[in-house]
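Topology and contacts: notes
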Amino acid sequence: MTFLSPEFLWLLLALPGIVAIYLFVLKRKKRAALRYANLELVKQAMGKGLWWRRHLPPAILFAALAAMLTAIARPSAVITLPTHHETVILAIDVSGSMRANDVEPSRIEAAQAAARAFIAQQPRSTRIGVVAFAGSAALVQAPTSNRQDLRAAINQLQLQHATAVGSGILVSLKALFPQDEFELPNAGNPRLAKQAVVSNPVKPGSYASGAIILLTDGQTTAGPDPVEAARVAAQRGVRVFTVGVGTDNGQILTGEGWSMRVRLDEEALKAIADLTRAEYFYAGTARDLKKIYETLRAKMVLETRETEITALFSAIAAAAVLLSASLSLLWFNRVL
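Residues numbered from 1 in each chain as written. Predicted model: local features only at pLDDT ≥ 70, side-chain atom pairs only at ≥ 80, totals over all residues. Heavy atoms only, no water.

**Quick look at the nonpolar core**
What counts here: We call a set of buried residues a nonpolar core when its members are Ala, Val, Leu, Ile, Met, Phe, Trp, Tyr or Cys and they connect through side-chain atoms within 4.5 Å of each other. Accessibility here uses a 1.4 Å probe with only protein chains present; expressed as a share of the type maximum, an area under 20% marks a residue as buried, one over 50% as exposed, and anything in between as partly exposed. Helix numbering and strand numbering both begin at the N terminus, where a helix is a DSSP run of H or I of at least 4 residues and a strand a DSSP run of E of at least 2. It only takes one pair of heavy atoms within 4.5 Å for two residues to be counted as in contact.
Counting residues in each nonpolar core, the largest one holds 34 residues, and the members touching the most others are I213 and Y293. At the level of secondary structure, the elements contributing two or more residues to this core comprise β3 (87–93), α4 (107–121), β4 (127–133), α5 (147–155), β6 (210–216), β7 (239–245), β10 (280–283) and α9 (286–301). With seven residues, α4 is the single largest residue contributor to this core. Other than its neighbours up to four places away in sequence, I213 contacts V88, I89, L90, A91, F118, F241, V243, Y293 and L296. Judged by nonpolar contacts, the second largest core, of 25 residues, contains I89, I169, L214 and Y280.

Structural data, given as structure tokens:
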């Protein structure tokens, strides 16, 4: 346990003095009791269990004071609590390679089905947005709690040419931070290959109000460098969970006078997840996709982090004071 205001811990030094005052008062009362002619009669009148009853309420009050003084120092601890991921952005690859059917019935259909299942499992308090990316990226559904609108947006996704994973990340960031601009130089121009820098960067993975789930086969063919885009997300503290869809062997796609093999590029997706303090998941089948989204849901609900627990110590102090007063009234008809 740590303290956000440790300078107030010196107040705990008053506790030994309070104990000394309490013992001094007890000693004076004992001397006054010696004036009675028959102490045995006094003890019988008070009852056999008086000793621990006399000291228990003050002891509880002393514990309450200790808890209250500790609360002033604002204690914090690493605990597991429900997260505050109020907004989740689903960034879905709609490039031509997603029509491959090495994941049945096809990569894009499996991704859509898993996305719908993920949306259905989220609490109503979670706002979800949908970003589609191919050669460019667009926010097809702004963050909303309307599940019907989300399902409609996912069902209407259309495949396009090229794949710009970096653009998908940047547009997702824009959905989380509408007031900011996120731009990177084109990955195809080495003269412009400089890293984007976010003003006042924060610790990677520290943003607790939103996250991005990126689903793609990872084969970037256009747009900004996805790793540099992930670095921008890391500077804003946003975690980007990546889901690779496809198989190791991939599939040969054909068109008018052309053919190409589309394989899953896992290395880029792992790098994105590592940079943003998130995780990478592999999905080889539609069933795998569903399990991955269920896993992501579980990880979005609980989070281990350092949290201020001043309210807990304050509640303990208040409860202890109430208990001490109640016992005093019950046993002695007075408060201490």
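Right, picking up where we left off after that structure.
**Describing the pairing of β7**
Rules: For a crossover, the right-handed case is the one in which the path from the first strand over the helix to the second runs clockwise, viewed with the strands pointing away from the viewer. For two strands to pair, DSSP has to find at least two bridges joining them.
With seven of seven residues buried, β7 lies mostly within the body of the structure. Burial of β7 is two-sided: the residues R239, F241, V243 and V245 facing one way and the residues V240, T242 and G244 facing the other way are all buried. This β-α-β element, β6 to helix α7 (residues 226–235) to β7, shows right-handed connectivity. Summarising the sheet, β7 and β10 pair through four bridges and their orientation is parallel. When the sheet's bridge partners are listed, V245 is paired in β10 with A283.

**A look at a nonpolar patch on the surface**
This is how it is decided: Each patch is built from salt-bridge-free residues with over 30% relative accessible area, joining like charges within 9 Å and nonpolar side chains (Val, Leu, Ile, Met, Phe, Trp, Tyr) within 5 Å. A 1.4 Å probe and the Shrake-Rupley method give the accessible areas. Residues count as covered only by the protein chains that appear here. The term salt bridge refers to a pairing of a side-chain nitrogen on Lys or Arg with a carboxyl oxygen on Asp or Glu at a separation within 4 Å.
On the surface, a cluster of nonpolar side chains totalling about 450 Å² of accessible area is made up of F8, W10, L13 and I72. The residue L13 is located in the loop between β1 (2–3) and α1 (14–33) in this model. L13 sits in the exposed class, given a relative accessible area of 68%.

**Regarding the environment of A162**
Its location among the elements puts A162 in the loop between α5 and α6 (165–176). What makes A162 partly exposed here is its relative accessible area of 33%. Spatially, the C-alpha atoms of A162 and G96 are 6.8 Å apart, while their sequence positions differ by 66 residues. Residues within four places of A162 in sequence aside, it is in contact with S95, A134, G135, T221 and A222.

**Thoughts on the packing of α4 against α5**
Threshold: Each axis is a line fitted through C-alpha atoms, taken for helices only over the stretch in contact, and angles between the N-to-C directions span 0 to 180 degrees. Roughly parallel means an angle under 35 degrees; roughly antiparallel means over 145; roughly perpendicular covers 65 to 115; every other angle is labelled oblique. Throughout this entry, Asp, Glu, Lys and Arg are counted as charged residues, while Ala, Val, Leu, Ile, Met, Phe, Trp, Tyr, Cys and Pro are counted as nonpolar. The remaining residues, Gly among them, count as polar.
The contact between α4 and α5 brings their axes to 10 Å, and the two run at 170°. With respect to α5, the element α4 is oriented roughly antiparallel. Contacts from Q112, A115, R116 and I119 in α4 reach R147, L150, R151, I154 and N155 in α5. Across the contact of α4 with α5, the residue classes tally to four nonpolar, two polar and three charged.

**Remarks on α5**
The periodicity of an α-helix, 3.6 residues per turn, causes residues three or four positions apart to be oriented the same way. Stated formally: The reported arc concerns the directions from the helix axis to the C-beta atoms and nothing else. We define a polar contact as two N or O atoms separated by no more than 3.5 Å, with the added condition that, inside protein, one atom must be a possible hydrogen donor and the other a possible acceptor, whereas residues neighbouring each other in sequence contribute only through side-chain atom pairs.
All buried positions along α5 are accounted for by R147, L150, A153 and I154. One side of α5 holds all its buried residues, which, seen down the axis, span an arc of 125°. One side-chain oxygen at the N-terminal end of α5 lies 3.0 Å from the backbone nitrogen of Q148; it belongs to N146.

**With respect to the side chain of S5**
Along the chain, S5 falls in the loop between β1 and α1. Setting aside residues up to four positions removed in sequence, S5 forms contacts with I72, A73 and R74.

**Overview of the packing of aromatic side chains**
Counted only if it meets this: Ring pairs are drawn from Phe, Tyr and Trp, using the six-membered ring of Trp, whenever the two centres fall within 6.5 Å, and their geometry is named by plane angle: stacked under 30 degrees, edge-to-face over 60, tilted for the rest. A ring is scored as having a charge over it whenever the NZ atom of a lysine or the CZ atom of an arginine sits within 6 Å of its centre and within 35 degrees of its normal.
Scanning the model with the defined rule gives one aromatic pair in all. For the ring pair F177 and Y207, a centre distance of 5.0 Å and an interplane angle of 50° mean the geometry is tilted. In this pair, F177 is assigned in the loop between α6 and β6 and Y207 in the loop between α6 and β6, connecting sequence segments 30 residues apart. Sitting over the ring of F177, R236 keeps its end group 4.1 Å from the ring centre.

**Here we look at the side chain of T242**
With respect to the secondary-structure elements, T242 resides in strand β7. Filtering out sequence-adjacent residues up to four positions away, T242 remains in contact with L214, L269, I272, A273, E279, Y280 and F281.

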